[in-house]
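Read off the chains here:
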Amino acid sequence: MNTNSNRFRLQELIESELGCSDPENIGSYKTKFERFSITPENKEKFVNALTEDAADIFYKATWTYAEAVSAIARGHQSWAIIKLYYALFYFLRCLIAARGLGVVKCKGIYTLRVEVGASPVKRDGGKHRGEDVRGDHKTTIAIYEKDFGQSDIFLSNKVSEQNIFDWMMKARERINYRDATFSEPNFDFFESSVKDDGGVLRWIIAYLNDQPPTFMFLESHCSLAAPTFLLSLVRAELRSRLGLHEPLREEQFESLLKLLEGTGLEHNFTFRSLLKN
């Protein structure tokens, strides 16, 4: 495995524009960073960098999702719960990128809209819904809710009196930090029939056809239905907003199909079309 850093292109680009050759020293450019703005001359470079980042994040999201789905098909739930939360987070980052908003860092987390005149906007360190905004995950959720939440289907209903993001985060935290051990061989978190022969395929297609979405607000379906809904939404918006018609390289697509072998999804046209045209 190549251990060299494979950094986000938008981050590398703004560092280059600032003249920062060592990412470890970006903090010393903070004033210059916050005053930076996109110009007509460099806008295309920023759009291209964000588009490439979106494709990379999409692969992280789909790979994490596929690992979870493969585990569920085998009747394993603990790591699947954790991975589906991370898939949701990656899809959310990808959706934010598709909507023209990049995430960059300089002693804090900022967003940068890829349009002429835009400058970095500080997003962490404040309060959101009465809680401190810190770290990649809580900051990403706060960005999404503040910038896109007013008309967002994810925030139109609740799961056990919590929004989807909070509910899935707490499910992940319970498995990671509070439960003494994993629950296997029990399978009591998801809809029980999802682990039956053909169950993963049947339920994921049901979630994709669920309009308006209802399954993702039900406890036994939320953790699988919500990332599935986001997968479909992200794929559509990458195409319509960024013109990114093929976010996956051929070898990435083939690796995902191999990972999904035995679930039925690897042969299903509807699902395959979410990964590649």
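Details of the structure are given in the entry above.
This structure is a prediction, so every number in the text was calculated from the model and none was measured. (Residues numbered from 1 in each chain as written. Predicted model: local features only at pLDDT ≥ 70, side-chain atom pairs only at ≥ 80, totals over all residues. Heavy atoms only, no water.)

Comments concerning the packing of helix α5 (residues 135-148) against helix α6 (residues 164-178)
Worth spelling out the cut-off: Note on method: axes are straight lines fitted to C-alpha atoms, helices fitted across the in-contact stretch only, with angles between N-to-C directions ranging 0 to 180 degrees. Going along the chain from the N terminus, every DSSP run of H or I of four or more residues is numbered as a helix, and every run of E of two or more is numbered as a strand. An angle below 35 degrees is treated as roughly parallel, one above 145 as roughly antiparallel, one from 65 to 115 as roughly perpendicular, and anything else as oblique. For any pair of crossing helices, the crossing counts as left-handed if the nearer helix is rotated counterclockwise from the farther one by less than a right angle, and right-handed if it is rotated clockwise. The contact rule is simple, with two residues in contact once any of their heavy atoms fall within 4.5 Å. Side-chain classes follow a simple rule in which Ala, Val, Leu, Ile, Met, Phe, Trp, Tyr, Cys and Pro form the nonpolar group, Asp, Glu, Lys and Arg form the charged group, and the remainder, Gly included, forms the polar group.
Across the interface, α5 lies against α6 with an axial gap of 12 Å and an inter-helix angle of 170 degrees. Relative to α6, the element α5 is oriented roughly antiparallel. Crossing of α5 over α6 shows right-handed handedness. Judged by residue contacts, His137, Lys138, Ile141, Tyr144 and Glu145 of α5 engage Phe165, Met169 and Arg172 from α6. Classifying every residue of the contact of α5 with α6 gives 4 nonpolar, 1 polar and 3 charged.

Some remarks on the packing of helix α7 (residues 199-208) against helix α8 (residues 219-242)
At a minimum axis distance of 9 Å, the contact between α7 and α8 shows a crossing angle of 60 degrees. Comparing their axes, α8 and α7 come out oblique. Helix-helix and strand crossings are classified by hand; for α7 and α8 the assignment is right-handed. On α8, the residues that touch Trp203, Ile204, Tyr207 and Leu208 of α7 are His221, Leu224, Ala225, Thr228 and Ser232.

Here's the deal with the side chain of Glu15
Rules: Throughout this description, buried means an accessible area under 20% of the type-specific maximum (1.4 Å probe, protein chains only), exposed means over 50%, and partly exposed covers the range between.
Note on placement: Glu15 falls in helix α1 (residues 9-18). Taking relative accessible area as the criterion, Glu15 reaches 3% and is therefore assigned buried.

With respect to the pairing of strand β2 (residues 109-113)
Quick reminder of the rule: A pair of strands counts as paired when DSSP detects no fewer than two bridges linking them.
Of all 5 residues making up β2, 4 are buried, and the element is well covered by its neighbours. As paired strands, strand β1 (residues 101-105) and β2 are joined by 5 bridges and run antiparallel to one another. Note that in β2 the partner of Gly102 across the bridge is Leu112. Taken together, β1 and the strand that follows it, β2, pair antiparallel across an intervening segment of 3 residues, in which Lys107 is found at a positive phi of about 50 degrees. Pairing of β2 with strand β3 (residues 121-122), which is carried by 2 bridges, proceeds in the antiparallel orientation. Across the sheet, Tyr110 pairs through a bridge with Lys122, a residue of β3.

Focus: α5
Cut-off, in case you're wondering: By this rule, a helix spans an expected 1.5 Å times one less than how many residues it contains.
Compared with an ideal rise of 1.5 Å per residue, which puts 14 residues at 20 Å, α5 spans 20 Å between its outermost C-alpha atoms and is within 8% of the ideal. When α5 is considered as a whole, its buried residues turn out to be His137, Thr139, Thr140, Ile141, Ala142, Ile143, Tyr144, Glu145 and Phe148. Residues of α5 that are buried make contact with α4 (78-98), β1, β2, β4 (127-128) and α6.

Re the pattern of salt bridges
Put simply, the rule is: A pair is scored as a salt bridge if a Lys or Arg side-chain nitrogen falls within 4 Å of a carboxyl oxygen belonging to Asp or Glu.
Enumeration according to the criterion identifies 19 salt bridges in this entry. A salt bridge links Asp147 to Arg123; its shortest N-O distance comes to 2.6 Å. Taken together, the positions of Asp147 in helix α5 and Arg123 in the loop between β3 and β4 put the pair 24 residues apart, joining distant regions of the chain. Ionic pairing is found between Glu237 and Arg241, a salt bridge with its closest N-O pair at 2.7 Å. With Glu237 and Arg241 both in helix α8, this residue pair falls 4 residues apart, about one helical turn.

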